[in-house]
Amino acid sequence: MSGILFGERELRGIAERALRAAKGDQAEALVIGRTGSLTRFANSAIHQNVTSREADLRVRVVVGTRRATATTNRLDDEGIRRAAELASDLARRAPEDPTFPGLPAPRVIPSSPSAYVEKTAEATPLDRARAVKTMCDSATAVRLIAAGFVSTNVQEIAVASTLGTWAYAPETFAEAQIAAIGDDGSAFAQRVSMDVTSLDVNGAAAEAVGKATIAQHPRDLAPGTYEVVLAPYAVRDMVGFLGLQLNGLAIEEGRSFVGGKIGRSVTGPITLVEDPYDSRSIPRAFDFEGQPSDRVTLIEKGVARGVVYDSVTAHRGKVENTGHATPFLIQPAPMHMRLEAGDKTRDQLVAGVKKGVLVTRFWYTRWVHQLRTIVTGMTRDGTFAILDGEIVHPVKNFRFTQSYHEALGGVRGISKDLSLLMTGEQFGLMTSAQRVPALHLAAFTFTGSTRY
């Protein structure tokens, strides 16, 4: 493997030193190594090229039913010892939690497709600059301005415990984002791939530039409820919000839209699965407690089928742990969701709309009501009116307040191609990726319009 990796041996050594220094009944060490390289551009020119190489350690110590965690990025002997001692001291002072089952026992982790691609790890600034040039040249040719970034990333996850757990996996991913900007309108595109050599930079440029050329001089369109065609970027937002509610803690706390509804219809005819073994995503066979991750059908043809758990929520719910602990142990979460494809092209989705709106992506989305999955936000970077199956003109962006799962109750079409997209990062750590289609929905409520 590439010299850019910290490597399994080094990360295991860090974890073992932390476990030896911990003082308690049980201890766990999570070590995450990251090497991220980013080439950013604006005004159709590169203005930043950086590489960051870092690793951090999270030590969790259990004393009886008490537990605490300490984190450090100082990985010499003293830094590791101090983190372990701090976690041990805090665990002795933490309140007792009679519902805490202790750390999970080690379990066999199934094999999964590799998420590591050597060429991505070895990508150079020149490789990223060439990708940027492709996007900028495409925009400049039609008098648009390009902004965005190209990144190549290596991530390593290692989990060890005093119970004998050991799990390690390296991952790579490359990402390109472009906003093509005109005098009075813009458009957006994103591409993600484990393999930088298959990163579709030309496709991103063509999508953003092509859409931006017809996005200029948007017109007013009155707020209201419209049929919509949602590009995968908007669908990703919906799936991400729903995923936050499809877990054991949300069920426990009574804030999940599927609570008490397993086996009942909750959306239109969509199928949403959590698949850690999807070779076309960024697969990982274990979670951040080193437990094997299960494939879970969350929604099947509109019917709620299941949610994901970590060791603690599974214990409290008296169910099997599905292996979906997140790195900050706030709540379990699906990290490899896939909304299954349909049988339509994206042009056919638009052709099926009598009067509606094409939305490229949502922006600044926030919860309004979690149980009802009501989210508020805005459209951005390419919003268009559709009339009699044709895109007729760009429209100014909308504000919206809408229940996401209720909107999915009116599914009229699903595209047959899926896009691999990132849901975001947590303090520089990539925890999840999603594969999603475009959707045609019967009704989506826009509550206000903007001036641009």
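Below is a summary of the structure that appears in this document. Fair warning: this is a prediction, and the values are worked out from it, not measured in the lab.

All told, the structure shown has twelve aromatic pairs when counted by the stated rule. Ring geometry for Tyr226 against Phe398: centres 6.4 Å apart, planes inclined by 40°, an arrangement best described as tilted. With Tyr226 in strand β7 (residues 224–230) and Phe398 in strand β15 (residues 398–403), this residue pair connects regions lying 172 residues apart in the sequence. Under the relative-accessibility criterion, Tyr226 is labelled buried at 11%.

Sheets are built from strands that pair by backbone hydrogen bonding, the pairs being arranged parallel or antiparallel. The six strands are arranged β3-β2-β1-β4-β5-β6 in an open sheet whose pairing can be described as antiparallel. The sheet is open, and its two borders are formed by β3 (66–72) and β6 (185–193), each paired with just one other strand. For this sheet, the mean inter-axis angle between neighbouring strands, taken without regard to orientation, is 15°. Of the strand pairs in this sheet, strand β5 (residues 166–182) and β6 are connected by nine bridges, and their pairing is antiparallel. Of the residues in β6, the one forming a bridge with Ile178 is Ala189. Against the sheet, helix α4 (residues 125–140) touches β1 (26–42), β2 (45–63), β4 (145–161) and β5, its axis set at about 145° to β4. Strands β5 and β6 of the sheet are contacted by helix α5 (residues 201–213), whose axis makes an angle of about 165° with β6.

On to the nonpolar core. A general tendency of soluble globular proteins is for nonpolar side chains to be buried together. Ranked by size, the top nonpolar core spans 69 residues in total, and within it Met135, Leu230, Phe362, Tyr404, Leu441 and Phe446 carry the most contacts. Structurally, this core is a two-domain feature, drawing no fewer than three residues from each of domain 1 (8–213) and domain 2 (224–449).

Criteria and thresholds
- Counting of residues starts from 1 at the beginning of each chain's written sequence and follows it residue by residue.
- Since the coordinates come from a predicted model, pLDDT governs what is reported: local features require at least 70, and pairs of side-chain atoms require 80 or more to be given and counted, while whole-chain, interface and lining totals use all residues.
- Excluded from the side-chain calculations are hydrogens and water; all other atoms, namely the structure's heavy atoms, are used.
- Here a pair means two rings of Phe, Tyr or Trp (six-membered ring of Trp) with centres within 6.5 Å. Their orientation is stacked below 30 degrees between planes, edge-to-face above 60, and tilted elsewhere.
- Going along the chain from the N terminus, every DSSP run of H or I of four or more residues is numbered as a helix, and every run of E of two or more is numbered as a strand.
- Summary of the burial criterion: residues with accessible area below 20% of their type's maximum are buried, those above 50% are exposed, and those between are partly exposed, where the area comes from a 1.4 Å probe applied to protein chains only.
- Only strands joined by at least two bridges in the DSSP assignment are considered to pair.
- Between the N-to-C directions of two axes lies an angle of 0 to 180 degrees, each axis being a line fitted to C-alpha atoms and, for a helix, fitted only over the stretch in contact.
- Every residue pair with non-hydrogen atoms within 4.5 Å of one another is taken to be in contact.
- In this text, buried Ala, Val, Leu, Ile, Met, Phe, Trp, Tyr and Cys residues form a nonpolar core when linked through side-chain atoms within 4.5 Å.
- Each domain's limits were defined by an automated method or a database of domain assignments.

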